[in-house]
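# Structural features, examined
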Amino acid sequence: GGIITQTPKFLIGQEGQKLTLKCQQNFNHDTMYWYRQDSGKGLRLIYYSITENDLQKGDLSEGYDASREKKSSFSLTVTSAQKNEMAVFLCASRGLGGVAETLYFGSGTRLTVL
Amino acid sequence: TQTVSQSDAHVTVFEGDSVELRCNYSYGGSIYLSWYIQHHGRGLQFLLKYYSGNPVVQGVNGFEAEFSKSDSSFHLRKASVHWSDSAVYFCAASMTGGYKVVFGSGTRLLVSP
């Protein structure tokens, strides 16, 4: 079995700060995802990457950058943190086989902006 | 626009009751549907999926779901819930052959002893 590791688990930032979240997977999966989870709003797709060095914008990409320099890692940057922002960011991966494959999730990074 | 909607934000039942959590989708073409569970403070875990064939699919821990093309639905059911089933349940969808996976807003299930 594999695992998805997200770091840090908790992230506290200041308004206007650039913040980076990291995700590592050892499934050897090609596709990786970043979702934002707000209370009562479910998961919203920020970025996804079909393979190494590929980036695709999701529905919520404004205000974020992403990087996929290695197959095993996928980073997300909040370009300018918004005051009083609170959310959980979830990373996921999926193997080849496209439609039939399951998403595997990390346990999340909880962001608080003061 | 591809959307997934879960009409019930909260569902409360007693242990041993049956439960149905509703999911409706709006997609054109062939669709891949799945359900995930999220326990407090954790990431999502896969429960079951539908792609083709028998519209009733079985998942882990006694969960099943039924696909209906006519109703654009993929409701999740369990015949007898346990207190440990208390969690948030998410329905998800993607186009067949696609990579973008869209989630519903989730249903929080509370099972009272």
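The notes below deal with the structure included here.

Analysis parameters
- Residues numbered from 1 in each chain as written.
- Chains lettered and ligands numbered in written order.
- Predicted model: local features only at pLDDT ≥ 70, side-chain atom pairs only at ≥ 80, totals over all residues.
- Heavy atoms only, no water.
- Helix = DSSP H or I, 4+ residues; strand = E, 2+ residues; numbered from the N terminus.
- Contact = heavy atoms within 4.5 Å.
- Disulfide = S-S within 2.5 Å.
- Buried < 20%, exposed > 50% of the residue type's maximum accessible area, 1.4 Å probe, protein only.

### Structural notes on the environment of B:Val13
Residues and elements named next belong to chain B. Counting through the fold element by element, Val13 comes out in strand β2 (residues 10-14). Taking C-alpha positions, Val13 is 6.2 Å from Ser112, a pair spaced 99 residues apart along the chain. In contact with Val13, not counting residues within four places along its chain, are Ser18, Val19, Val81, Leu109, Leu110, Val111 and Ser112.

### Considerations on the state of the cysteines
By the definition in use, this model includes two disulfides over all chains. A sulfur-sulfur distance of 1.9 Å marks the disulfide that ties A:Cys23 to A:Cys91. In this structure the cystine formed by A:Cys23 and A:Cys91 twists about its S-S bond by roughly -75 degrees; its chirality is therefore left-handed. Here A:Cys23, found in strand β3 (residues 19-25), pairs with A:Cys91, found in strand β9 (residues 86-94); they are 68 residues apart in sequence, far enough to count as distant. What makes A:Cys23 buried here is its relative accessible area of 1%. Here B:Cys23 pairs with B:Cys91 through a disulfide, and the sulfurs are 2.0 Å apart. Between B:Cys23 and B:Cys91 the sulfur-sulfur dihedral comes to about -65 degrees; the bridge is accordingly left-handed. Highlighted residues: B:Cys23 in the loop between β3 (19-21) and β4 (24-26) and B:Cys91 in strand β10 (residues 87-95), separated in sequence by 68 residues. In this structure, B:Cys23 and B:Cys91 share a single accessibility class: buried.

It is worth stressing that arrangement in space is one thing and function is another; only the former is reported here.
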